[in-house]
Amino acid sequence: MAGRVVLHGMWASPYSKRVELALKAKGIEYEFVEEDLTNKSEALLRFNPVHKKVPVLVHDGKPIAESLVIIEYIDETWKEGPPLLPQDPYERAKVRFWAGFLQQQLFEAVFSVIKTDGEAQAKAVKEVHEKLKVLEEGIKVHEEVLGMKFLDPEKYPRVTSWVKALTELPLVKEATPPSEKLVGLLQFLRARALESAAA
Amino acid sequence: MAEEVKLFRTWSSPFALRVVWALQLKGIQYETVLEDVAKKSDVLRGYNPVYKKVPVLLHNGRPISESLIILEYVDETWKQHSLLPQDPHARAMARFWAKFGDDKVMQSIWTAFVSEGKEQEAALAEASEHLQKLEEELRGKKFFGGDNIGYLDIALGWLANLVRVFEEISGLRVLDGERFPLLFAWLKEFSDAPVIRDCWPSHDKLITKFIALRQLHGAQSSST
């Protein structure tokens, strides 16, 4: 499939990372533009005027935003290479459902734990466990930042083994940013959030 | 093989209405199961354990939830009267704007409806900005889907009756013909289209419902 592919993303953004994984899984050649989210490029603002966020995929000069929308686009446009979504409509519906849940419910809850303290944090922690029970899902790096363990193999055996299987895949290993770098960024975001909450 | 299609819905849910429109447009025979939002059935909870909400589409015993996901399922399963365009880029745009409708447009209009003073002003201003983007996206087409009603029209269809309800109750001007001529015209075309026009829930019942909801939200926010 001809056509220039450019991905505007950011090394720590899981939304951006998803699109990278999708492109790599399909073996698609692309250019990566690392965006400084505190100083967004003119191109990014032009390609995503509605949200002004990463990731944005630009294919043959035409931009697409919203990571899950981009992934469906990739799957529909590049038919050679492994399918990202299953063929059967019911299975596709299930994948879309859980992808939405991960994004709206779990990720937001985990990020709340990073940004809060005291009672607010305890509440956020409870919410995370509730979501985890539903999906048995976890995010490893956040555990390091807080000294809390979410992915308990006894409580969430299936999720723990799923995350392990994912992180051992060569293409995921290559694409994962160094742990210390991510921990550093999350600690900074936490400190800043707690400061502004106290102010 | 007899096909079983059941739709769990409430009388007023705009999300469930999306599925009604899709099924009707495609001429699919289905059974409606009316749920009471205050007292949801165990059956519904069984089919949607994660969110316990309507709509849920049950097709041959298999449940699907989340209205936009159901729309995609319906479009992939029954090929007549296609809802999404064929071209991947056009499909991506339709999905993008549908998400925008739910995340930004609905959110800001609802906030404007239930808030007061400065918060309401800010929400209204935000809603206007978002509506302007939809106005530009319509670009002189009859429907977002072109000549025929498509996925994005269905996703945004809630605007066609709920905005009027909100405006009537609150006295706010949200979507008028002066500022948004194309959108305003689209509202009418969509509302009056065959199939769509037969499905609207009772206007009076909606007024009653949203007056109560507005009071509830107002009471909650003033007590915090």
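Residues numbered from 1 in each chain as written. Chains lettered and ligands numbered in written order. Predicted model: local features only at pLDDT ≥ 70, side-chain atom pairs only at ≥ 80, totals over all residues. Heavy atoms only, no water.

A. The pairing of strand β2 (residues 31–34) of chain A, seen in detail. Pairing analysis gives four bridges linking strand β1 (residues 5–9) of chain A to β2 of chain A, with the strands arranged parallel. Looking at the pairing, L7 of chain A lines up with F32 of chain A of β2 of chain A. (Pairing = 2+ DSSP bridges. Helix = DSSP H or I, 4+ residues; strand = E, 2+ residues; numbered from the N terminus.)

B. Just a nonpolar patch on the surface, in detail. Residue and element names in this part refer to chain A. Together, W162, L166 and L169 line one region of the surface with nonpolar side chains, adding up to about 260 Å² of accessible area. With respect to the helices, strands and loops of the structure, W162 is situated in helix α7 (residues 157–168). Looking at W162, the relative accessible area reads 40%, which means it is partly exposed. (Patch = residues over 30% accessible without salt bridge, like charges linked within 9 Å, V, L, I, M, F, W, Y side chains within 5 Å. Areas by Shrake-Rupley, 256 points an atom, 1.4 Å probe, with all protein chains shown as cover. Salt bridge = Lys/Arg side-chain N within 4 Å of Asp/Glu carboxyl O. Buried < 20%, exposed > 50% of the residue type's maximum accessible area, 1.4 Å probe, protein only.)

C. Broad picture of the pattern of salt bridges. Evaluation of the coordinates by the stated rule reveals 25 salt bridges over all chains. Between R95 of chain B and E76 of chain A there is a salt bridge; the shortest N-O distance is 3.1 Å. Remark: E76 of chain A occurs in helix α3 (residues 67–77) and R95 of chain B occurs in helix α4 (residues 88–114); the pair is interchain, linking two chains. The same class applies to R95 of chain B and to E76 of chain A, which are both buried. Residue R179 of chain B is joined to D176 of chain B by a salt bridge in which the shortest nitrogen-to-oxygen separation is 2.9 Å. Via salt bridges that share partners, E72, E76, R92 and R96 of chain A together with E72, E76, R91 and R95 of chain B belong to a single interconnected network.

D. How the structure looks around the interface of chain B and chain A. Counting residues at the interface gives 24 residues for chain B and 26 residues for chain A. Both faces considered, chain B and chain A share a buried interface measuring about 2200 Å² in area, 66% of it formed by carbon and sulfur atoms. On the chain B side of the contact with chain A, Y51, H89 and F96 of chain B bury the most area, a combined 25% of that side's loss. Our enumeration of links across chain B and chain A arrives at eight salt bridges. Sorting the residues of the side of chain B that touches chain A by element identifies β4 (62–65), α3 (67–77) and α4 of chain B as the ones contributing at least two each. (Contact = heavy atoms within 4.5 Å. Buried area = accessible area lost by both parts, 1.4 Å probe.)

E. Quick look at the packing of helix α1 (residues 14–26) of chain A against helix α4 (residues 89–115) of chain A. Residue and element names in this part refer to chain A. Across the interface, α1 lies against α4 with an axial gap of 13 Å and an inter-helix angle of 130°. Here α1 is positioned oblique relative to α4, judged by the angle of their axes. For the pair α1 and α4, contact is made by P14, Y15 and R18 and by Q103, F107 and E108, respectively. (Axes fitted to C-alpha atoms, helices over the stretch in contact; angles between N-to-C directions. Parallel < 35°, antiparallel > 145°, perpendicular 65-115°, else oblique.)

F. Seen up close, the sheet that holds strand β3 (residues 56–59) of chain B. Residue and element names in this part refer to chain B. What the four strands build is an open sheet, ordered β2-β1-β3-β4; its pairing is mixed. In the strand order of this sheet, the two ends are held by β2 (31–34) and β4, each with one partner. When strand polarity is set aside, the average angle formed by the axes of neighbouring strands in this sheet is 20°. Pairing analysis gives four bridges linking strand β1 (residues 5–9) to β2, with the strands arranged parallel. The partner of K6 across the bridge, within β2, is E31.

G. Spotlight on the side chain of S13 of chain A. Mapped onto the elements of the fold, S13 of chain A is located in the loop between β1 and α1. Engagement of the side chain of S13 of chain A in a polar contact is seen with the backbone nitrogen of S16 of chain A, the distance being 3.0 Å. (Polar contact = N/O pair within 3.5 Å; in protein donor to acceptor, adjacent residues only side chain to side chain.)

H. Just α7 of chain A, in detail. Residues and elements named next belong to chain A. Taking 1.5 Å per residue as the helical rise, α7 with its 12 residues ought to reach 16 Å, and the 17 Å between its terminal C-alpha atoms agrees with that figure. Within the span of α7, buried status applies to V159, T160 and V163. Down the axis of α7, the buried set is contained in an arc of 100°. They therefore lie on one face. Among the exposed residues of α7, those oriented more than 90 degrees off its buried face are R158 and K164. (Expected span 1.5 Å × (residues − 1). Arc of directions from axis to C-beta.)

I. Spotlight on helix α1 (residues 14–25) of chain B. All names here are of chain B. For α1, which comprises 12 residues, the first-to-last C-alpha distance of 16 Å matches the rise-based estimate of 16 Å (1.5 Å per residue) to within 8%. With nine of 12 residues buried, α1 is to be regarded as a mostly interior element. For α1, every residue scored as buried is listed here: A16, L17, R18, V19, V20, W21, A22, L23 and L25. Close packing links the buried residues of α1 with β1, β3, α3, α4, α6 (151–156) and α8 (181–192). The opening residue of α1, the one whose side-chain oxygen lies 3.2 Å from the backbone nitrogen of F15, is S13.

J. Structural view of unusual backbone geometry. The step from V54 of chain A to P55 of chain A runs through a cis peptide bond, and the omega angle for that step is 0°. Note on placement: P55 of chain A falls in the loop between α2 (42–47) and β3 (56–59). Residue V54 of chain B is joined to P55 of chain B through a cis peptide bond whose omega torsion reads -5°. For N60 of chain B, which is not glycine, the phi torsion reads 50° and is therefore positive. Here N60 of chain B shows up in the loop between β3 and β4. At R139 of chain B, a position not held by glycine, the phi torsion is positive, near 45°. Looking at the secondary structure, you find R139 of chain B in the loop between α5 (117–138) and α6. On the basis of relative accessibility, which here comes to 58%, the residue R139 of chain B falls in the exposed class.

K. Representation of the packing of aromatic side chains in the model. A complete count under the given rule lists 22 aromatic pairs over all chains for this structure. Pairing F97 of chain A with Y51 of chain B gives two aromatic rings, centres 5.4 Å apart and planes at 65°, and the pair type is edge-to-face. Of the two residues, F97 of chain A is situated in helix α4 and Y51 of chain B in the loop between α2 (42–47) and β3; the pairing between them involves two chains. As far as the burial class goes, F97 of chain A and Y51 of chain B line up, both buried. (Phe/Tyr/Trp six-rings, centres within 6.5 Å; stacked < 30°, edge-to-face > 60°.)

Note that all results are geometric; they support no functional claim without further evidence.
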